[in-house]
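Geometric and topological summary
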Amino acid sequence: LAYNLNHGERNIKLFELGKVYLKKGATHTEPFQLSIIFSGQNNEEHWQVKAAPISPAYIKGMFEEMLKLLRIEEFSLTPCNLPFIVGSESSVYTVGNNELGYYGKLSAAVGESFGIDLIELKQDIWIVQFEVETLIELTRGKNMVFSPIPRFPAVNRDLSFVIANSVSYREIENCIRSMDSELISELKAFDEYRGKQIPEGFRSLSLHIKFQDKEKTLTDERIDQMIDLVKKKLQDTWQITMR
């Protein structure tokens, strides 16, 4: 990364697949890992497609798309506490006791030790790592499974909340999905805003929620009940309010 930056490259996506050498006490291991590093814009400048800085949502989407391709759809997320990662915008992915990998923003101190001044650079550096051997074991013998098109229509709702910066999207997502994982078929953030009319230390986060019942058509009353439960849960847990 430093070599590329020193030669004028700014939009960087690099990966390496190979063994790493780890020591824990008297034990040595040599796991295969896929390591990826991102910095700069999410795509090349084009008159039809506007480039934007690589964001946490871009990295999260890439990571989860990889898991989706491997047909790993049930996983848990926790904050990443590695010393070279900024913990507020990071995640570790696990299935049971198996770690699948992690992503996070490189800390300024580590960048500086490699001669990279993040303040002068004015762009984030993102680290992604996959535990290849774990992924191989979890996907061994897996077959592609197709689901029929749902018989009953989905209902979509968009909600905007004012959320403290200390509360991550991951926590919000896990909280909402845990309320009814069968009924909530899709949940994603589609807008984030900081600025006028939003208090210092907070952000406005807009969520798209898709509800779908496999057995029957959803009524407006049922959807309204779910929305009220979501608002109450977020209010009780983090004092989050609707915008």
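Check the entry above for the structure.
Below is a summary of the structure that appears in this document. (Residues numbered from 1 in each chain as written. Predicted model: local features only at pLDDT ≥ 70, side-chain atom pairs only at ≥ 80, totals over all residues. Heavy atoms only, no water.)

Regarding the packing of aromatic side chains
- Under the counting rule described, the total for this entry stands at seven aromatic pairs.
- Between the aromatic rings of Phe63 and Tyr93, the centroid separation amounts to 4.2 Å while the plane-to-plane angle is 15°, which identifies the pairing as stacked. Taken together, the positions of Phe63 in helix H2 (residues 56-69) and Tyr93 in strand S6 (residues 85-95) put the pair 30 residues apart, joining distant regions of the chain. The exposure classification of Phe63 matches that of Tyr93, with both residues buried.
- Here Phe63 and Tyr103 contribute two aromatic rings whose centre-to-centre distance is 6.4 Å and whose plane-to-plane angle is 50°, an arrangement assigned as tilted. Residue Phe63 is found in helix H2, and its partner Tyr103 is found in strand S7 (residues 98-106); the two are separated by 40 residues along the sequence. Both residues of the pair, Phe63 and Tyr103, count as buried.
- Among the aromatic side chains, those forming a connected cluster through ring pairs are Phe63, Phe75, Tyr93, Tyr103 and Phe130. (Phe/Tyr/Trp six-rings, centres within 6.5 Å; stacked < 30°, edge-to-face > 60°. Helix = DSSP H or I, 4+ residues; strand = E, 2+ residues; numbered from the N terminus. Buried < 20%, exposed > 50% of the residue type's maximum accessible area, 1.4 Å probe, protein only.)

Notes on the pattern of salt bridges
- Counted under the stated rule, the structure contains 15 salt bridges.
- Of the charged contacts, one joins Glu173 and Arg177 as a salt bridge, the two residues approaching to 3.4 Å between their closest N and O atoms. Separated by four residues within a single helix, Glu173 and Arg177 lie in helix H6 (residues 169-177), roughly one turn from each other.
- Looking at Arg177, the relative accessible area reads 28%, which means it is partly exposed.
- Note that Glu186 is salt-bridged to Lys188, the shortest N-O span being 3.6 Å. (Salt bridge = Lys/Arg side-chain N within 4 Å of Asp/Glu carboxyl O.)

Considering H2
- Counted at 1.5 Å a residue, the expected span for H2 with its 14 residues is 20 Å, and the 20 Å between its end C-alpha atoms agrees.
- For H2, the complete set of buried residues consists of Ile59, Lys60, Phe63 and Leu67. The buried residues of H2 occupy an angular sector of 100° when projected down its axis, which confines them to one face. Structural note: H2 exposes Ala57, Lys68 and Leu69 on the side pointing more than 90 degrees away from its buried face. (Expected span 1.5 Å × (residues − 1). Arc of directions from axis to C-beta.)

A closer look at a nonpolar patch on the surface
- Taken together, the side chains of Phe15, Leu17 and Phe32 make up a nonpolar region of the molecular surface, amounting to roughly 350 Å² of accessible area.
- Checked against the element boundaries, Phe15 lands in strand S1 (residues 12-19). (Patch = residues over 30% accessible without salt bridge, like charges linked within 9 Å, V, L, I, M, F, W, Y side chains within 5 Å. Areas by Shrake-Rupley, 256 points an atom, 1.4 Å probe, with all protein chains shown as cover.)

Side note on the sheet that holds strand S5 (residues 76-78)
- Within the open sheet, the six strands sit side by side as S1-S4-S8-S7-S6-S5. Their pairing is antiparallel. What marks the edges here is a single partner per strand, and that holds for S1 and S5. Geometrically, the sheet is characterised by an average inter-axis angle of 15° between neighbouring strands, direction not taken into account.
- Two strands pair when backbone bridges link them, and S7 and strand S8 (residues 125-131) are joined in this way by five bridges, in the antiparallel orientation. Across the sheet, the residue bridging to Lys105 is Trp126, located in S8. (Pairing = 2+ DSSP bridges. Axes fitted to C-alpha atoms, helices over the stretch in contact; angles between N-to-C directions.)

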